[in-house]
Amino acid sequence: LAPSAQVELLAPYGIHLVGDLAADPDEAEAIASEIGYPVAVKVADPTVRHKSDRGLVRIDVRTGSDVADAARRFAEELGHDRVDVLVQPLVLGHVASVGLVRDPQLGPLVRVGGGAAGPVGSWAEEVLLLPPVEAADAARAVRALRIWPQLVGDHGLEEVDLAPLEALVASVGRLAVDVPHVADLTLEPVVVNANGLFCVDVKVRIAEPPELDTGVPRRLRS
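Reading the values: the criteria
- Residues numbered from 1 in each chain as written.
- Predicted model: local features only at pLDDT ≥ 70, side-chain atom pairs only at ≥ 80, totals over all residues.
- Heavy atoms only, no water.
- Helix = DSSP H or I, 4+ residues; strand = E, 2+ residues; numbered from the N terminus.
- Expected span 1.5 Å × (residues − 1).
- Contact = heavy atoms within 4.5 Å.
- Core = buried A, V, L, I, M, F, W, Y, C linked by side-chain atoms within 4.5 Å.
- Buried < 20%, exposed > 50% of the residue type's maximum accessible area, 1.4 Å probe, protein only.
- Axes fitted to C-alpha atoms, helices over the stretch in contact; angles between N-to-C directions.
- Parallel < 35°, antiparallel > 145°, perpendicular 65-115°, else oblique.
- Left-handed = near helix turned anticlockwise from the far one by under 90°.
- Nonpolar A, V, L, I, M, F, W, Y, C, P; charged D, E, K, R; others polar.
- Salt bridge = Lys/Arg side-chain N within 4 Å of Asp/Glu carboxyl O.

Draft legend 1. Structural context of helix α3 (residues 64-78). Here α3 is 15 residues long and its end C-alpha atoms lie 22 Å apart, about the 21 Å a rise of 1.5 Å per residue gives. On its buried face, α3 is in contact with α2 (25-35), β2 (39-43), β3 (57-61) and β4 (85-89). Phi for Gly 79, located one or two positions after α3, is positive at around 75°.

Draft legend 2. Region of interest: the nonpolar core. Grouped together as the largest cluster of nonpolar side chains are 35 residues, with contacts concentrated most on Ile 15, Leu 129, Leu 168, Val 169, Val 172, Leu 185 and Leu 187. Sorting elements by how many residues they give to this core places helix α6 (residues 163-178) first, with six residues. Ile 31, Ala 32, Val 61 and Val 87 belong to the second-largest nonpolar core, a separate cluster that totals 19 residues.

Draft legend 3. Inspection of the packing of α2 against α3 at higher detail. Close contact between α2 and α3 brings their axes to 8 Å; oriented N to C, the two are set at 140°. The angle between α2 and α3 falls in the class oblique. Crossing geometry of α2 relative to α3 is assigned as right-handed. On α3, the residues that touch Pro 25, Ala 28, Glu 29 and Ala 32 of α2 are Gly 64, Ser 65, Val 67, Ala 68, Ala 71 and Arg 72. Classifying every residue of the contact of α2 with α3 by side-chain character gives six nonpolar, two polar and two charged.

Draft legend 4. The pattern of salt bridges, seen in detail. Going through the model one piece at a time under the given rule, you end up with ten salt bridges. A salt bridge links Glu 125 to Arg 146, with the nearest nitrogen and oxygen atoms 3.2 Å apart. On the criterion of sequence distance, the pair formed by Glu 125 in the loop between β6 (107-114) and β7 (126-129) and Arg 146 in the loop between α4 (135-143) and α5 (148-151) is long-range, its members being 21 residues apart. For Arg 146, a relative accessible area of 27% translates into the label partly exposed. Between Asp 184 and Arg 205 there is a salt bridge whose closest N-O contact spans 2.5 Å. Here Asp 184 is found in strand β8 (residues 182-193), whereas its partner Arg 205 is found in strand β10 (residues 202-206), with 21 residues between them in sequence. Classification of Asp 184 by relative accessible area gives partly exposed; the value is 25%.

Structure (structure tokens):
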């Protein structure tokens, strides 16, 4: 799904990708100046694969001329006169992942995952939820993640407000129910720190929804 369509789809659910889109090098430089350095610059076209491997993502860019140069080099690599780029502030913090998948038997599932290694124990690497997702379900899912001790300040790490992450999980659950044509949604990484929650990257795939057997109750195995 194109970036402009992503914005139109996700904004009503309070889901916003950090940063701004630029249509040319001059606009990219202006956006970076407004955001404040350092910034990250990446090709915005979701159909372009393996961006990092192709040099289509630059991080820790510290001057306007380097931002503009990155946008021009991206266009050269792709063989275009210009390309849309996303200019983002560099955000650091705890890393999570939230998404939506559709199972042929179970239907839509909201996925919540931790993006960093944590203590070995009963914490889950990821949790799957059947939408709609109530606030209490979202809170339990976040607390089941392996990164949970980090989020609450274990070992002297920065403690963060979990409400924005829980709200994001519930929002993805509402979207799953409202828009059956969203076949896959991945918000990754989602960075959580003392200043809030930041969706750094998003991928959305649209497809004709499958017909589920409504005579079979949806249930996750215990």
